[in-house]
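These are the residues of each chain, in order.
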Amino acid sequence: MAGRWMEFGKYGANGAPGGEALGIAMEGMVHGISSPVDSERGLAARLNYLTKSDAGYEAMDRAGVHVSPRTLMAWLAEERTPNKANLARLDAAYWDLRRRNVAADLKHRLNNNGRGTRVEINPVNQRGVEQKYRRDLAPRSINVRGVWDRAVDAWMDDDLDELDAVWDEVLDLIGSDYDGYSYVSSIGWSA
């Protein structure tokens, strides 16, 4: 990661490393069922989502949901309720599958047929920094292409080092003040 922010936060600036902010922005695109897994509606919705595809069964397997077909059918028919451990596993499987489905869609939407995506980069929050220590940074908007598959894969693998490497490539697009955006308050896009 770029580094003129030798002791980031020493004077009161708030933000996150750009690679981490990139991961946070992607994670923010994962939406799903808001009802808790231990509610009737939340459990039914998760089971329905997970049992609609082979990928759902694979997600349950990865999460450690290993029950007989008879037990699974009883859960689906609402004749039996999973124990707390299986409820937690079902919830983990649901969110794992949601992330995987969002990841596939994100790659397609962010690559935008090779045209990339316009990204808004908001600099660190310097409200708590004395004027003499502030850096002159404004929000930046740049078109990013060619890194999205790597970025999404790194996010899925929770690989912060790779997200940092991708962020360094994004910083190269900014130009001479790239180093001022190695830490940011947020990033976003419309995809």
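Heads up: these notes are all about the structure in this document. This is a predicted model, so every value here is computed, not measured. (Residues numbered from 1 in each chain as written. Predicted model: local features only at pLDDT ≥ 70, side-chain atom pairs only at ≥ 80, totals over all residues. Heavy atoms only, no water.)

Here we take up the overall build of the protein. Assigned secondary structure in the protein consists of 7 helices and 4 strands. The helix and strand sequence of the protein, counted from the amino end, reads β-α-α-α-α-α-β-β-α-α-β. On C-alpha atoms alone, the protein measures out to a radius of gyration of 21 Å, which is more than a quarter above the 16 Å that the 2.2 N^0.38 rule sets for 191 residues. With respect to the principal axes defined by its C-alpha atoms, the protein has extents near 65 × 40 × 25 Å. (Helix = DSSP H or I, 4+ residues; strand = E, 2+ residues; numbered from the N terminus. Rg over C-alpha atoms; globule rule 2.2 N^0.38 Å.)

Let's shift gears to the nonpolar core. In terms of nonpolar packing, the biggest core is built from 35 residues, with Leu22, Met26, Ile121, Trp155, Ile187 and Trp189 touching the most fellow members. Of all elements in the fold, only α1 (18–27), α5 (84–111), β2 (117–123), β3 (140–144), α6 (148–156), α7 (160–172) and β4 (183–189) reach the threshold of two or more residues within this core. The element that contributes the greatest number of residues to this core is α6, accounting for 6 residues. Discounting residues that sit within four places of it in the chain, Met26 has contacts with Leu106, Ala151, Val152, Trp155, Leu163 and Trp189. (Core = buried A, V, L, I, M, F, W, Y, C linked by side-chain atoms within 4.5 Å. Buried < 20%, exposed > 50% of the residue type's maximum accessible area, 1.4 Å probe, protein only. Contact = heavy atoms within 4.5 Å.)

Moving on to the packing of α6 against α7. Their axes nearest at 8 Å, the elements α6 and α7 cross at an angle of 155°. Classified by the interaxial angle, the pair formed by α6 and α7 is roughly antiparallel. Pair α6 / α7 crosses with left-handed handedness. Together, Arg150, Ala151, Ala154 and Trp155 of α6 and Glu162, Leu163, Ala165, Val166 and Glu169 of α7 make up the contact between the two elements. (Axes fitted to C-alpha atoms, helices over the stretch in contact; angles between N-to-C directions. Parallel < 35°, antiparallel > 145°, perpendicular 65-115°, else oblique. Left-handed = near helix turned anticlockwise from the far one by under 90°.)

With that settled, the discussion passes to the layout of surface pockets. The space that makes up the second largest pocket amounts to roughly 170 Å³. Glu40, Leu43, Trp75, Glu78 and Thr81 are, among the 13 residues lining the second largest pocket, the residues nearest its centre. Elements with a minimum of two residues in the lining of the second largest pocket: α2 (40–50) and α4 (69–76). No other element matches α2, which puts 5 residues into the lining of the second largest pocket. For the lining of the second largest pocket, the class distribution of residues is 6 nonpolar, 3 polar and 4 charged. (1 Å grid on protein atoms, 1.4 Å probe; cavity = no way out; pocket = protein on both sides within 12 Å on 5 of 7 lines; lining within 4 Å. Points joined across faces, edges and corners; volume = space filled by probe spheres on them. Nonpolar A, V, L, I, M, F, W, Y, C, P; charged D, E, K, R; others polar.)

Next up on the list: the environment of Gly128. Looking at where Gly128 falls in the secondary structure, it is placed in the loop between β2 and β3. The exposure class of Gly128 is exposed, given its relative accessible area of 57%. Remark: the alpha-carbon pair of Gly128 and Tyr11, spanning 117 residues in sequence, is separated by 7.6 Å. Beyond its immediate chain neighbours, meaning those up to four positions away, Gly128 contacts Tyr11 and Gly12.

Next up on the list: empty space enclosed by the protein. Think of a ball as big as a water molecule: rolled over the atoms, this probe shows where empty space is left. Within this structure, the stated rule accounts for 1 cavity of 30 Å³ or more. Approximately 30 Å³ is the volume found for the largest cavity. Its residues assigned to classes, the lining of the largest cavity shows 7 nonpolar, no polar and no charged.

Right, let's get into the sheet that holds β2. Strand order in this open sheet of 4 strands is β1-β4-β2-β3, and the pairing throughout is antiparallel. Either end of the sheet is taken by a strand with one partner, and the two such strands are β1 (16–17) and β3. Two strands pair when backbone bridges link them, and β1 and β4 are joined in this way by 2 bridges, in the antiparallel orientation. Along β4, the bridge assignment pairs Ala16 with Val184. (Pairing = 2+ DSSP bridges.)

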